[in-house]
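# Structure at a glance
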Amino acid sequence: MAPSSDSSGFFFPLAVGVSLLKCLFINCYRSTDFEVHRNWLAITHSLPVSRWYHENTSQWTLDYPPLFAWFEFGLSQAARHFDSDMLRVENLNCASPPTVLFQRLSVIVTDLLFIYAARECCRCIQEQKGHRDVLSRPSFVLAVLLLWNFGLLIVDHIHFQYNGFLFGFLLLSLAKHLQGRHFQGALLFSILLNLKHIFLYVAPAYGVFLLRSYCFTHNNKDGSLRWTSFSFLRLLSLGSIVVSVFAVSFGPFITMGQLPQVLSRLFPFKRGLCHAYWAPNIWALYNLLDKALTAVGVRLQLLQEANLPQASMTGGLVQEFQHAVLPSVSPSVTLVCTVISILPALSSISVRPRGSRGFLRVLLICALASFLFGWHVHEKAILIAILPLSILAVESREDAGTFLLLSSTGHYSLFPLIFTAAELPIKVCLMLMFTIFSFAALRKLHSGPSCLLRPLEAVYLLGLVIVALGCEVVFPLSPWKQRMPFLPLLVTSTYCSVGVCWSFLRLYVGLLTTENKLKQS
């Protein structure tokens, strides 16, 4: 077994092919995120830095960290050669053909970083030499799972965002850690945090792993911590690189006395518990239970319908929220739940790190815990777990089963983002192609007498097909469409929540089982 090094034969055609596919989506449906980023181009190009985080002509105010604002500023220098009108702040909802072309191409071009990061991840995979069948090569399967990921294709290139560019930093950071280059990995992650703060989800895994495995240079024979091996110089170097990146990012706003204003934009805790599109997490199930209890209470005349809050727990814009029957959940409650759910995983790598792949497993648990218990979680955040899990899926049979379950449910939960009839065949075909390949390739890669999924898990995924047919085909033709337009989203989020929760438990059981085996040995 050796790290994969000769992947150029298949990697380049895969990268070119997916890039050409992205070009076909240029004129597809685009969400309000298209106008969000167009507005940010205008703000960073037309206004002085001191007004970036104060400008509110549009409701889509700048709410990403400063490095991403500078990224938008860089894009705006190219945008003015396409259509200068898109760079006027007052020109709201500008969507001229040159504007659409530029913004779509900007996502495709910046995806080059993701492509490079995927190549580096493929090089970290152990595989046997001499395989002629590419489906028997883990590096090939991983290349397809990353480059042709269904979620990234529809979220970035139809719905519209720059997740590929951001995940390029994450995957490149993980690749550096897998290669033992921890300092470079820490630098890349620090940059990523200053591009999009949602990656704070996995920051605890980075912090504990680097402190335990980089700052402590040796372990005892049983794998436990050797306190005398602590390197203050390494801690100082890590701290200096983190502080330097944050100083470059936030320094100008600190000197202008605008740090509170920037932070208020980055962490708007007055938004609802759930995003307007319910993410498939614990709070979707909590909301469903609240709605069910409310319906029963009204039917039994225990509650007065006129006095009930109007579904305010789902607000996407800044507003307060309130449940009708169950206790309302505050941001502090979600934080406590998240911290409690990740503590066992963090303690496991602090006691016995188990290398970079042990760190990767804990990172996945942190990502899913934050997704399941976090405040105002966006459904797109499920990709923070799905993409890194692809690396473990091509190496471990158990992780392959978890990947199939999580990717199927997580990707399907993104379907409500693309609700237009014209794009229905596109998202269905892309989802089917990715899912069929995932099942076929991972089944061949981990050949054996047993299936990758347990019987009940397979039944659950078959139920997902029924949910899809009901929501995408039956519901639009039924009279319920006018009376209960929220029903497909409710069904999709709650059904997928079960799969995401179960995937989280599978990952945790795998982590703790490995820890027990190490203790026994």
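Conventions adopted
- Residues numbered from 1 in each chain as written.
- Predicted model: local features only at pLDDT ≥ 70, side-chain atom pairs only at ≥ 80, totals over all residues.
- Heavy atoms only, no water.
- Helix = DSSP H or I, 4+ residues; strand = E, 2+ residues; numbered from the N terminus.
- Rg over C-alpha atoms; globule rule 2.2 N^0.38 Å.
- Buried < 20%, exposed > 50% of the residue type's maximum accessible area, 1.4 Å probe, protein only.
- Core = buried A, V, L, I, M, F, W, Y, C linked by side-chain atoms within 4.5 Å.
- Contact = heavy atoms within 4.5 Å.
- Salt bridge = Lys/Arg side-chain N within 4 Å of Asp/Glu carboxyl O.
- Phe/Tyr/Trp six-rings, centres within 6.5 Å; stacked < 30°, edge-to-face > 60°.
- Lys NZ or Arg CZ within 6 Å of the ring centre and 35° of its normal.
- Arc of directions from axis to C-beta.
- Patch = residues over 30% accessible without salt bridge, like charges linked within 9 Å, V, L, I, M, F, W, Y side chains within 5 Å.
- Areas by Shrake-Rupley, 256 points an atom, 1.4 Å probe, with all protein chains shown as cover.

### Some thoughts on the overall build of the protein
If you tally the helices and strands in the protein, you get 21 helices and two strands. Its C-alpha atoms give the protein a radius of gyration of 23 Å, near enough to 24 Å, the size a compact globule of 521 residues would have. Taken along its principal axes, the extent of the C-alpha atoms in the protein is 65 × 55 × 45 Å. Put simply, the protein has 521 residues, and 55% of those count as buried.

### So, the nonpolar core
Core analysis: the largest hydrophobic core is formed by 152 residues, its most contacted members being F199 and L442. No other element matches the 13 residues that helix α15 (residues 355-373) contributes to this core. Each residue touching F199, except ones within four places of it in the same chain, is listed here: L166, F167, L170, F189, L192, L193 and I384. If you look at the next biggest cluster of nonpolar residues, it comprises eight residues, including W278, W283, A284 and L490.

### Some words on the environment of L424
Within the fold, L424 resides in helix α18 (residues 424-445). Taking C-alpha positions, L424 is 38 Å from S190, a pair spaced 234 residues apart along the chain.

### Remarks on the pattern of salt bridges
Applying the stated criterion across every chain yields a total of 14 salt bridges. Ionic pairing is found between D399 and R361, a salt bridge with its closest N-O pair at 2.8 Å. In this pair, D399 is assigned in helix α17 (residues 397-412) and R361 in helix α15, connecting sequence segments 38 residues apart. A residue is classified by how much of its surface remains accessible, and D399, at 3% relative accessible area, is buried. For the salt bridge of R506 with E398, the shortest nitrogen-to-oxygen distance reads 2.9 Å. In this pair, R506 is assigned in helix α21 (residues 487-520) and E398 in helix α17, connecting sequence segments 108 residues apart. According to the relative accessible area criterion, R506 is buried, its value standing at 6%. Through salt bridges with shared partners, a single network forms among E398, R454, E457 and R506.

### Remarks on the packing of aromatic side chains
Between two aromatic rings, the relevant description is the distance of the centres plus the angle of the planes. For the structure shown, the criterion picks out 29 aromatic pairs. Seen from their ring centres, Y460 and Y495 are 4.6 Å apart, and the 5° between their planes marks the pair as stacked. In this pair, Y460 is assigned in helix α19 (residues 455-474) and Y495 in helix α21, connecting sequence segments 35 residues apart. The rings of F34, W40, Y64, F68, F71, F160, Y162, F165 and F169 are connected pair by pair, giving a single aromatic cluster. Taking NZ or CZ as reference, R30 lies 5.0 Å from the ring centre of F34, over its face. If you follow R119 out to its NZ or CZ, it ends over the ring of F11, 5.7 Å from the centre.

### Here's the deal with helix α16 (residues 383-393)
Counted residue by residue, α16 has 11 buried out of 11 residues, so it is predominantly covered. Listed as buried for α16 are L383, I384, A385, I386, L387, P388, L389, S390, I391, L392 and A393.

### A few points about helix α12 (residues 259-266)
Along α12, the positions that sit buried rather than exposed are V262, R265 and L266. With its buried residues spanning 100° around the axis, α12 presents them on a single face. Looking at the buried side of α12, the elements it contacts are α11 (232-255).

### Observations concerning the environment of F475
Topologically, F475 is positioned in the loop between α19 and α20 (480-483). Sequence separation between F475 and L326 is 149 residues, and the spatial gap between their C-alpha atoms is 29 Å. Other than its neighbours up to four places away in sequence, F475 contacts G470, W480, K481, M484, P485, L487 and P488.

### As for a nonpolar patch on the surface
Nonpolar side chains collect at one region of the surface, where L211, F230, F232, L233, L235 and L236 lie side by side and expose about 590 Å² of accessible area between them. When residues in the nonpolar patch are grouped by element, the largest group, four residues, is from α11. Structurally, L236 is set in helix α11. When its relative accessible area of 49% is taken as the criterion, L236 is described as partly exposed.

### Some words on the side chain of H159
With respect to the element layout, H159 can be found in helix α7 (residues 150-160). Looking at H159, the relative accessible area reads 5%, which means it is buried. The contact partners of H159, leaving out residues within four places of it in the chain, are Y29, R30, S31, D33, I154, K380, L417 and I418.

### Concerning the side chain of S76
In this structure, S76 sits in helix α3 (residues 66-79). The contact partners of S76, leaving out residues within four places of it in the chain, are L41, H45 and L87.

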